[in-house]
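Residue strings, one per chain:
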Amino acid sequence: MLKHIYRFIVLVIVFVAAVFFMGNNIKEEEMESSATTVMAATTFPVMYIETERGLMNPLHGYSTNIDANMLRETITVLDSSQAVNISIDQKKLIVKKLNYEVRDVNQYDLIEQGSISALTQNDDYTTAKIKVKETLEENQEYAMKITAVTSTGKKIHFYTRIKKITNSYLNEKYDFVEKIHKAILDKDKDAGIGSYLETNSTMDNSSYAYVNINSSYDMVMWKSLEPKLVSDVITRITEMNQDTASFELKYKVEVNTDTGVEQYTVSEFFRVKYTAARMYLLYYERKAEADFNSDYISIKKGELKIGVSSDYEIPFLTNQAETKLSFVRNKTLWYYDMIANSMVKVFTFKQEKSDFIRDDYDQHDIKILNIDADGNIDFVVYGYMNRGEYEGRTAVILYHFSSVDNRVEEKVYIPMNIPYDVMKQDLEGFSYVNRSSVFYFSLQDRIFAYNMITKKIETVVENADPENIMTSQENSYIAWTDNNELGKAENIVLLDLETGAKSYIKAKEGQSVRIFGKIDENLIFGYVKVSDLSTGTDGEVLAPAYKISIVNKEQQELKSYSVKKYYTVKVAVNDNVIELTRVQKSSSDETNYALAESDYILNKSKTDTSKIEVTTRVTDKMLTELYLTIPETITLTKKPDVKSTVNTVIKEDKTLRLDIDRSSRERYYVYALGEVLEVYDNAGDAIILADQKMGSVINQNFKVVWERGNKSTRASLSSITPVYASELSSKKACAKMLLSNSGVNVTANQIGDKKRSIMDILTQYMKKEPINLTGSTLEEVLYYVSKGRAVIAMKNNGQAVLIIGYDEFNITMIDPELGKTWKEGYKDSSKMFEKAGNIFISFIE
């Protein structure tokens, strides 16, 4: 019996010893959270449109569905056969089938869908032909989505606009563009480039970073530089009409500079016109940006060379001691430890073996949020993801860079279904990470707070109109009004982004508050009496502030401004000077106010102690180049060591899905020169810029609001029955006629006698979308008449007319006040409308 007991005790001891040994000496197979990897190379195919002049309009694939009318990078021309010829550079994914959709760009109705399985392999490309069966309207834009189905069943979506033009003269237009492009690169003096330019003596010819049709001949021809083409030339058609067209050409060149051989990314924009007699160059613009090269640091002067660039406001942040620097250049985030003289390429989509078509697809950006004393960085990447785990998706991703081990860790992944051009306006505005791991960000007119520890999301501001919000990342707070409508906000809310504590600025009874902006991170706001509110003809509310106040984060009033009988309606901050646009009460104006002389507040200058800044250096050969200075306290003895990062392998899901609708706030996107140049809340401002840059305006619903060069030389709307002022005021009579023009008939009784703005009446009854074009010129609003839509305009005597026609010399209008339809000379009409403030109203389909 004892023998069995001893044997059992021995077995237990051996078992325990074995468990102890194995626990201490055998590692688990489970992957640790500290495991790292490098970003994967690109795998998605690129789709091209075949033309008689080669491959154009490269289309990049999306792994999620996006409304096709949101993407306006290219337009593909169809002839009478209505065929689209496709070539696919497949990369690693094999395409087996193509599905396609054609939709109306305004209503987004499906017109046709189909499938193509007959694909042909030709050398390095797979080709196919899509023939649209439904008869398309001539010169009408449509949205096309092409979905490539791979051998593994993966679906990749490609988007382009299409337009049927029987005689587009695409070959002739492109040949003209290519002739100029090659002559400039080859420095061909016999090509007659000078004859196409419109050189203006006021044009700045001091930098190769930007030239246009007004630049000097020498600047357009690169002066003494001899750029050498080192990549393919990527051609995009961005606009096409029967006589005019716009092209964007993008490529890389090598240039021998004062510091060595550098590479520039160059984009050229051409707008041309075809006639049977000759071709015309309507506009030319060239941008060049030097690739950042850490080898070209100036050791003697202590400067990082940026080189040829228009980016005078290079995004950068430093730690408080200014010994660690983070900056973004060429869509790449860099970190520079100036004490250790070590530089890290923190994040980039560019690959070691460059693939220009994929690497330089620039529909994304990087925003630095903060950098701490140790050089750790929080940053956001947003837009289209060129490669890696999220290749082909549009998203917002928050990353953390650890400087100790050069490691990048994903903190939050927010998938989106809107393109970069739309997304960037939100992300450029506001995002912040506090010390408690709360990520604040703005999207679609909302400000969110996401706690990365508890995984809880909170909507901080529901209707985040930029006009009614002030953000201060430096002082860690934001302020907003509790009502976006002018004259209705009773409180301004101040939120401390670190503590989450809220405080309030309250309006007195019978008053409201409005935000005007900030100066030195301090809030500028005004007090408005409800009795002082007024509404203009175009429906715009005027909220004149009788008092202006400047307060800090703690609501301590630093300055105030109030002058009897004067009211402030707008504030502009220039350095340390605040300009106040003022009005006075006046019975002669419909708004009861008249513009008065501006006044100014001089703010105490804030001392800039930063030793790091963007500076310029000018030489005879290279003209103006940019540099980023290094503090004088840091001595450089050699070029910095350069390292790359690795990505942390994340086992837990970092996805944050936001169920939010697209913002309904009116926005007007200016598309020109192959990109979104600006976004406005006012259609008139957007149209003015689009006209200057020869582009177009698209609203928040992605409907075309205005296009340069798409207006007939004459138009007449003869079907509108005149309504004169005997039964209605001139404004209401014009509103009634415009409603009729849009397909809605109302009676005089329905419009009523109550004092209402024209926009108020149209918004109530019109089934289409009324639009306030105030600020546009007469020439610009005639686009609407050309499209069959009348335009209400205000005369300088406060009366309204309806513009129903025009030709080369005259404007035709129905004048309810005079009780007649009459013609006025073009110049005289322009002056009359200008004196009235260029107030115009129409509608879009």
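Residues numbered from 1 in each chain as written. Predicted model: local features only at pLDDT ≥ 70, side-chain atom pairs only at ≥ 80, totals over all residues. Heavy atoms only, no water.

### A look at the overall build of the protein chain
Secondary structure summary: the protein chain contains 11 helices and 59 strands in total. A globule of 845 residues ought to have a C-alpha radius of gyration of about 28 Å, and the protein chain, at 31 Å, matches this closely. In the protein chain, which comprises 845 residues, the share counted as buried stands at 54%. Across the protein chain, every contact between residues at least 6 apart in sequence was considered, and the portion connecting residues at least 24 apart equals 57%. With an accessible surface of roughly 39100 Å², the protein chain has 46% of that area assigned to carbon and sulfur atoms. On the protein chain, the mean spot of the 104 positive side-chain charges and the mean spot of the 120 negative ones are 2 Å from each other. (Helix = DSSP H or I, 4+ residues; strand = E, 2+ residues; numbered from the N terminus. Rg over C-alpha atoms; globule rule 2.2 N^0.38 Å. Buried < 20%, exposed > 50% of the residue type's maximum accessible area, 1.4 Å probe, protein only. Contact = heavy atoms within 4.5 Å. Areas by Shrake-Rupley, 256 points an atom, 1.4 Å probe, with all protein chains shown as cover. Lys, Arg positive; Asp, Glu negative; His and termini not counted. Charge placed at Lys NZ, Arg CZ, Asp CG, Glu CD.)

### Some thoughts on the sheet that holds strand β5 (residues 83-89)
Strands sit in the order β3-β2-β5-β9-β8 across an open sheet of 5 strands; the sheet is antiparallel. Each edge of the open sheet carries a strand with a single partner, namely β3 (54-60) and β8 (120-122). For this sheet, the mean inter-axis angle between neighbouring strands, taken without regard to orientation, is 35°. (Pairing = 2+ DSSP bridges. Axes fitted to C-alpha atoms, helices over the stretch in contact; angles between N-to-C directions.)

### A look at the packing of aromatic side chains
Counting across every chain of the model gives 29 aromatic pairs. Between Tyr335 and Phe401, the ring centres sit 5.4 Å apart and the planes meet at 55°, which makes this aromatic pair tilted. Placement of the pair is Tyr335 in strand β21 (residues 332-337) and Phe401 in strand β25 (residues 394-402), with a sequence separation of 66 residues. Classification of Tyr335 by relative accessible area gives buried; the value is 4%. By relative accessible area, which is 0% here, Phe401 ends up buried. Their ring planes at 15° and their centres at 6.1 Å tell us that Tyr669 and Phe702 sit as a pair that is stacked. Of the two residues, Tyr669 is situated in strand β49 (residues 668-672) and Phe702 in the loop between β51 (696-699) and β52 (704-707); the sequence distance between them amounts to 33 residues. By the burial criterion, Tyr669 is buried, and Phe702 matches it. In this structure, Arg72 packs its charged tip against the face of Tyr671, placed 5.6 Å from the ring centre. (Phe/Tyr/Trp six-rings, centres within 6.5 Å; stacked < 30°, edge-to-face > 60°. Lys NZ or Arg CZ within 6 Å of the ring centre and 35° of its normal.)

### What to know about the environment of Lys273
Assignment of secondary structure puts Lys273 in strand β16 (residues 260-274). For Lys273 and Glu410, which are 137 residues apart along the polypeptide, the C-alpha to C-alpha distance reads 49 Å. If we ignore the near neighbours within four places in the chain, the residues touching Lys273 are Asp243, Thr244, Arg278, Met279, Tyr280 and Leu282.

### A closer look at the pattern of salt bridges
Scanning all chains against the criterion turns up 38 salt bridges. Salt-bridge contacts for Arg271 lead to Glu239; the nearest nitrogen and oxygen are separated by 3.1 Å. Remark: Glu239 occurs in strand β14 (residues 234-240) and Arg271 occurs in strand β16; sequence separation between them is 32 residues. On the basis of relative accessible area, Arg271 is assigned to the buried category, the value being 3%. (Salt bridge = Lys/Arg side-chain N within 4 Å of Asp/Glu carboxyl O.)

### Thoughts on the nonpolar core
Nonpolar side chains in soluble globular proteins generally cluster together in the buried interior. Ranked by size, the top nonpolar core spans 126 residues in total, and within it Phe439, Leu802 and Ile803 carry the most contacts. Not counting the four nearest positions on each side in its chain, Ile803 is found in contact with Leu778, Leu782, Val785, Ala790, Val791, Ala793, Ile811, Thr812, Met813, Phe833 and Phe840. Counting 51 residues, the second largest nonpolar core, distinct from the first, contains Ile75, Leu170, Tyr284 and Ala288. (Core = buried A, V, L, I, M, F, W, Y, C linked by side-chain atoms within 4.5 Å.)

### Some details on the sheet that holds strand β19 (residues 316-318)
Taken in spatial order, the 5 strands make up an open sheet running β19-β20-β21-β22-β47, and their pairing is mixed. The two strands at the open ends of the sheet, each matched to only one other strand, are β19 and β47 (641-644). Between one strand and the next, the sheet's axes are offset by a mean angle of 20°, whatever the strand orientation. Both strand β22 (residues 342-347) and β47 contribute to a ladder of 4 bridges, which runs parallel. Looking across to β47, one finds that Met343 is bridged to Val642.

### Overview of the packing of helix α10 (residues 778-786) against helix α11 (residues 826-835)
Contact geometry of α10 with α11 gives a least axis separation of 11 Å together with a crossing angle of 105°. Taken together, the axes of α10 and α11 are roughly perpendicular relative to one another. Each of Leu778, Glu779 and Leu782 in α10 lies in contact with α11, whose residues at this interface are Tyr826, Ser829, Ser830 and Phe833. (Parallel < 35°, antiparallel > 145°, perpendicular 65-115°, else oblique.)

### Description of the packing of helix α7 (residues 730-741) against helix α9 (residues 758-765)
Where α7 contacts α9, the axes come no closer than 10 Å and their chain directions differ by 30°. Judged by the inter-axis angle, α7 sits roughly parallel to α9. As α7 runs across α9, the sense of the crossing is right-handed. Facing α7, whose interface residues are Lys731, Lys732, Ala735, Leu738 and Leu739, α9 presents Ile758, Ile761, Leu762 and Tyr765. (Left-handed = near helix turned anticlockwise from the far one by under 90°.)

### Comments concerning unusual backbone geometry
Positive phi values are uncommon outside glycine, yet Asp575 reaches one of about 55°. Considering the arrangement of structural elements, one finds Asp575 in the loop between β41 (567-574) and β42 (577-585). Of note, Phe702 is a non-glycine position whose phi angle comes to about 60°, a positive value.

### Some words on helix α5 (residues 420-427)
Burial analysis of α5 places 7 of its 8 residues in the buried class, which makes it a mostly covered element. The complete set of buried residues in α5 reads Tyr420, Asp421, Val422, Met423, Lys424, Asp426 and Leu427.

### With respect to the pairing of strand β17 (residues 279-290)
In this sheet, β17 lies alongside strand β12 (residues 210-212) in antiparallel orientation, the contact comprising 3 bridges. Within β17, the residue paired with Val211 across the bridge is Arg286. Here β16 runs beside β17; their pairing, made up of 11 bridges, is antiparallel. Across the sheet, Arg271 pairs through a bridge with Tyr283, a residue of β17. The antiparallel hairpin formed by β16 and β17 contains 4 residues in its connecting segment.

### Examining the side chain of Ser298
Relative to the assigned elements, Ser298 resides in the loop between β17 and β18 (303-307). Ser298 has contacts with Glu303, Arg617 and Leu636, leaving out every residue within four places of it along the chain.

### What to know about the environment of Glu268
Position of Glu268 among the secondary structure elements: in strand β16. Once the C-alpha coordinates of Glu268 and Arg286 are considered, the two residues, 18 residues apart in sequence, prove to be 4.4 Å apart. Ignoring any residue separated from it by four or fewer positions in sequence, one finds Glu268 in contact with His181, Ile184, Phe247, Glu248, Leu249, Tyr251, Tyr284, Glu285 and Arg286. A polar atom in the side chain of Glu268 sits 3.1 Å from the side chain of Tyr251. (Polar contact = N/O pair within 3.5 Å; in protein donor to acceptor, adjacent residues only side chain to side chain.)

### Looking at the confidence of the model for the protein chain
Mean pLDDT over the protein chain: 89, with 93% of residues reaching 70 or higher. In this model, residues 8-34 is a region of pLDDT below 50 whose contacts with residues beyond four sequence positions or in other chains number 6 contacts. (pLDDT = per-residue confidence, 0-100.)

### Regarding the side chain of Asp691
Structurally, the position occupied by Asp691 is in helix α6 (residues 683-692). Once residues within four sequence positions are removed from consideration, Asp691 is found in contact with Trp706, Arg708 and Glu780.

### A few points about the environment of Asp575
Taking the relative accessible area as the measure of exposure, Asp575 reaches 73% and is therefore exposed. With 52 residues separating them in the primary sequence, Asp575 and Tyr627 have C-alpha atoms 23 Å apart.

### Focus on α10
Within α10, 8 of the 9 residues are buried, leaving the element largely enclosed by the surrounding structure. The set of residues buried in α10 consists of Leu778, Glu780, Val781, Leu782, Tyr783, Tyr784, Val785 and Ser786. Just downstream of α10, Gly788 is the residue with a positive phi angle, here 90°.

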